[in-house]
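One letter stands for each residue in the lines below.
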Amino acid sequence: MSEPVNPTPTTPGAPTGPVTGLAGRAPAAGAGPALDVTTAADAALRSDEEARREASFERQRRLRQEPRFPGGPAADPAGSHHERRIRSFQPRRSRVTTGQEEALQRLWPVWGLDIDGRRVLDLPTLFDGLPVVLEIGFGMGEATARMAADDPSTGILAVDVHTPGQGNLLALAERAGVTNVRVANGDAIILLREMLEPAALDGLRVYFPDPWPKTRHHKRRLIQPEFLDLVARRLKPGATVHCATDWEPYAEQMLDVLTAHPLFENTRPDGGFAPRPAFRPLTRFEGQGLDKGHVVHDVLFTRAEDGPGPSPTGH
């Protein structure tokens, strides 16, 4: 009778079968431990994946910095030479029509400018000596073009980051035969702080800005005390600040912060909201809101002749 074959001794918890490699096969003679092969392969895969992610990130960064239309508005005009901060606007990259693209390529070198923060604008030269009103956020530009046509004696420096709107405003201005509009691309805060002389403006218009309705986003609203400090230094005494919104809580905030600021005075004797002035057109957006039952409030203040507060010179 043959003798029984003794099983290979095992350690409790250890596998009882032969040790296999990556594909379930035993490692070849002379090969290193399977664990080392696995670790090296994983490391190589991770390295390749990280390299691909970095290359993709770099491509996306370059695309964000390249203008969509050569000779037109820059994708990021201020670049990285100004500090990062909470922005009061949300850049939008929606579809640009053929007409808007044509207007951008042809008219931007004539009537457009990038807010790069690297120079101070000569507004009298830019607008042929006209008094200049700054408009922040013009949407598709219909109201801006109409106001420019109705009052050719006032220059409008219109700021927005919406590329289709920039092209549309340029096309509308040309179609109406107006030459008192300049379209600025970028952050209005950098424009006010870095690119305008003290007391350079005869007015400020902010129509239907983003209301940032969530409480945690209220700090993103444009009309804040710090913003008014900056605006006050760039407005001439007697200049008008005109805001409009269909978001009632934001309207109340606008009224409160302007009333509290020592360098602004309400044009309304009762200290309340103003009726819509005749020079502000009823826009399509506003009409849609009114149809839905929204209430539009206008806030109309003037820059005080003098008084305490921020110095009218300096930054």
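Owing to the predicted nature of the structure, the values given are computational and were not obtained by experimental measurement.

Looking now at helix α2 (residues 98–111). For α2, with 14 residues, the first-to-last C-alpha span of 19 Å sits near the 20 Å given by 1.5 Å per residue. Of all the bends in α2, the largest measures some 40 degrees and sits at Q105, one to four residues before the proline P109. Of the positions making up α2, those classed as buried are Q100, A103, L104, L107, W108 and W111.

We now examine the packing of aromatic side chains. Counting across every chain of the model gives 0 aromatic pairs. Taking the ring centre of Y250 as reference, the NZ or CZ of R221 above it sits at 4.8 Å. The aromatic ring of Y207 is capped on one face by R280, whose charged end is 5.7 Å from the ring centroid.

Here we have 8 strands laid out as an open sheet, ordered β1-β4-β3-β2-β5-β6-β8-β7, and mixed in their pairing. Only two strands of the sheet have a single neighbouring strand rather than two, namely β1 (112–114) and β7 (264–266). With strand direction ignored, the average angle separating the axes of adjacent strands in the sheet is 25 degrees. Note: β1 against strand β4 (residues 181–185), 3 bridges, orientation parallel. Its bridge partner being in β4, L113 is matched across the sheet by A184. Across the face of the sheet, helix α4 (residues 142–150) comes into contact with β2 (132–136), β3 (155–160), β4 and β5 (201–207) while running at roughly 170 degrees to β3. Packing against the sheet, helix α5 (residues 163–176) makes contact with β3 and β4, and its axis sits at approximately 170 degrees to β4.

Our next topic: the pairing of strand β6 (residues 235–245). Sheet analysis places β5 next to β6, joined by 6 bridges and oriented parallel. Across the sheet, V206 pairs through a bridge with C243, a residue of β6. Each parallel crossover has a hand, and the one from β5 via helix α7 (residues 225–234) to β6 is right-handed. Pairing of β6 with strand β8 (residues 297–303), which is carried by 6 bridges, proceeds in the antiparallel orientation. The partner of H242 across the bridge, within β8, is L300.

Here the protein averages 83 in pLDDT, while 75% of its residues score no lower than 70. Below pLDDT 50 for its whole length, residues 7–24 participates in 12 contacts with residues either more than four positions away or in separate chains. Here residues 311–315 is a poorly scored stretch, pLDDT under 50, and it has 12 contacts once near neighbours within four places are set aside; other chains count.

Attention now moves to the nonpolar core. Counting 43 residues, the largest nonpolar core has L123, L134, L157, L191, I223, F227 and F264 as the members making the most contacts within it. Among the secondary structure elements, those contributing two or more residues to this core are β2, β3, α6 (188–194), β5, α7, β6, α8 (248–260) and β8. If near-sequence neighbours (up to four positions away) are discounted, L191 is found in contact with I115, L121, L134, L157, V159 and L196. Within the second largest apolar cluster, 23 residues are counted, among which are A103, F138, A158 and L169.

To continue, consider the pairing of β8. Most of β8 is tucked away: 6 of the 7 residues are buried. Here 3 bridges tie β7 to β8, and the two strands are oriented antiparallel to one another. Paired with E265 across the bridge in β8 is T302.

Rules of the game
- Residues numbered from 1 in each chain as written.
- Predicted model: local features only at pLDDT ≥ 70, side-chain atom pairs only at ≥ 80, totals over all residues.
- Heavy atoms only, no water.
- Helix = DSSP H or I, 4+ residues; strand = E, 2+ residues; numbered from the N terminus.
- Expected span 1.5 Å × (residues − 1).
- Bend = angle between axes of the 7 residues up to and from the residue.
- Buried < 20%, exposed > 50% of the residue type's maximum accessible area, 1.4 Å probe, protein only.
- Phe/Tyr/Trp six-rings, centres within 6.5 Å; stacked < 30°, edge-to-face > 60°.
- Lys NZ or Arg CZ within 6 Å of the ring centre and 35° of its normal.
- Pairing = 2+ DSSP bridges.
- Axes fitted to C-alpha atoms, helices over the stretch in contact; angles between N-to-C directions.
- Contact = heavy atoms within 4.5 Å.
- Right-handed = clockwise from strand over helix to strand, strands pointing away.
- pLDDT = per-residue confidence, 0-100.
- Core = buried A, V, L, I, M, F, W, Y, C linked by side-chain atoms within 4.5 Å.

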